[in-house]
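In case you want the letters, here they are:
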Amino acid sequence: MRWLVKEEPSSYSYGDLERDGRTTWAGVRNPLAQMHLRSMKKGDQVFFYHTGSEKAVVGVAKVVSAPRPDPADKTGKLHAVDIAPVRRLASPVTLAAIKADPSFTDFPLVRISRLSVMPVGAREWAAIEAMARRLGPA
């Protein structure tokens, strides 16, 4: 499976993930996002999306642990996974560029914009990778 996770770069950026080498993806509260997070498997690919003023897919990461209880959640209901960086995209792919492409009409990033963890289909993954290459080096 392939996924997209979102974070405000001032809170935790792809650069922070590169520096740290690995992080626990925790603090996800939305029930649908939690369902997606619990569906992640070790080895799954992940697009890292910067929210806020950037609004762009900036890098690729991978899931490096099975889902487990979120260490910060005292209720024991929430889950977390560990992710590690793979590579930066050749160029960030903005939400505006994704929305401008009619083939992304059903993509969760367009339809459910506030969702912080979402699946990415093979077609959407390939299209975002191609857009990053077309836009050139960052």
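Residues numbered from 1 in each chain as written. Predicted model: local features only at pLDDT ≥ 70, side-chain atom pairs only at ≥ 80, totals over all residues. Heavy atoms only, no water.

The secondary structure content of the chain amounts to five helices and seven strands. Traced from its N-terminal end to its C-terminal end, the chain shows the element sequence β-α-β-α-β-β-β-β-α-α-β-α. Computed over the C-alpha atoms, the radius of gyration of the chain is 14 Å, within 12% of the 14 Å expected from 2.2 N^0.38 for a compact globule of 138 residues. Judged by the C-alpha coordinates and their principal axes, the chain covers about 45 × 30 × 25 Å. Restricting to contacts in the chain with at least 6 residues of sequence separation, those with at least 24 account for 68%. Positive and negative side-chain charges of the chain, numbering 21 and 14 respectively, have mean locations separated by a distance of 3 Å. (Helix = DSSP H or I, 4+ residues; strand = E, 2+ residues; numbered from the N terminus. Rg over C-alpha atoms; globule rule 2.2 N^0.38 Å. Contact = heavy atoms within 4.5 Å. Lys, Arg positive; Asp, Glu negative; His and termini not counted. Charge placed at Lys NZ, Arg CZ, Asp CG, Glu CD.)

Our focus in this paragraph is helix H2 (residues 31–39). Taken together, the buried positions of H2 are occupied by Ala-33, Gln-34, His-36 and Leu-37. The buried residues of H2 occupy one face: seen down the axis, they fall within an arc of 160°. Residues of H2 that are buried in the fold lie against strand S1 (2–7), strand S2 (23–25), strand S6 (79–94) and strand S7 (117–119). Where H2 begins, the capping side chain belongs to Asn-30, and its oxygen is found 2.8 Å from the backbone nitrogen of Leu-32. (Buried < 20%, exposed > 50% of the residue type's maximum accessible area, 1.4 Å probe, protein only. Arc of directions from axis to C-beta. Polar contact = N/O pair within 3.5 Å; in protein donor to acceptor, adjacent residues only side chain to side chain.)

Glancing now at the packing of aromatic side chains. Summed over all chains, the structure comprises four aromatic pairs. Ring centres of Tyr-14 and Phe-48 lie 5.5 Å apart, and the angle between their planes is 75°; this geometry places the pair in the edge-to-face category. One end of the pair, Tyr-14, is in helix H1 (residues 14–20); the other, Phe-48, is in strand S3 (residues 45–50), with 34 residues separating them in the sequence. Taken as a pair, Tyr-14 and Phe-48 share a single burial class, namely buried. Relative to Phe-48, the ring of Trp-25 has its centre 5.5 Å away and its plane inclined at 80°; by these criteria the two rings are edge-to-face. Residue Trp-25 is found in strand S2, and its partner Phe-48 is found in strand S3; the two are separated by 23 residues along the sequence. The two residues Trp-25 and Phe-48 agree in class, both being buried. Among the aromatic residues, ring-to-ring pairing joins Tyr-14, Trp-25 and Phe-48 into one connected group. (Phe/Tyr/Trp six-rings, centres within 6.5 Å; stacked < 30°, edge-to-face > 60°.)

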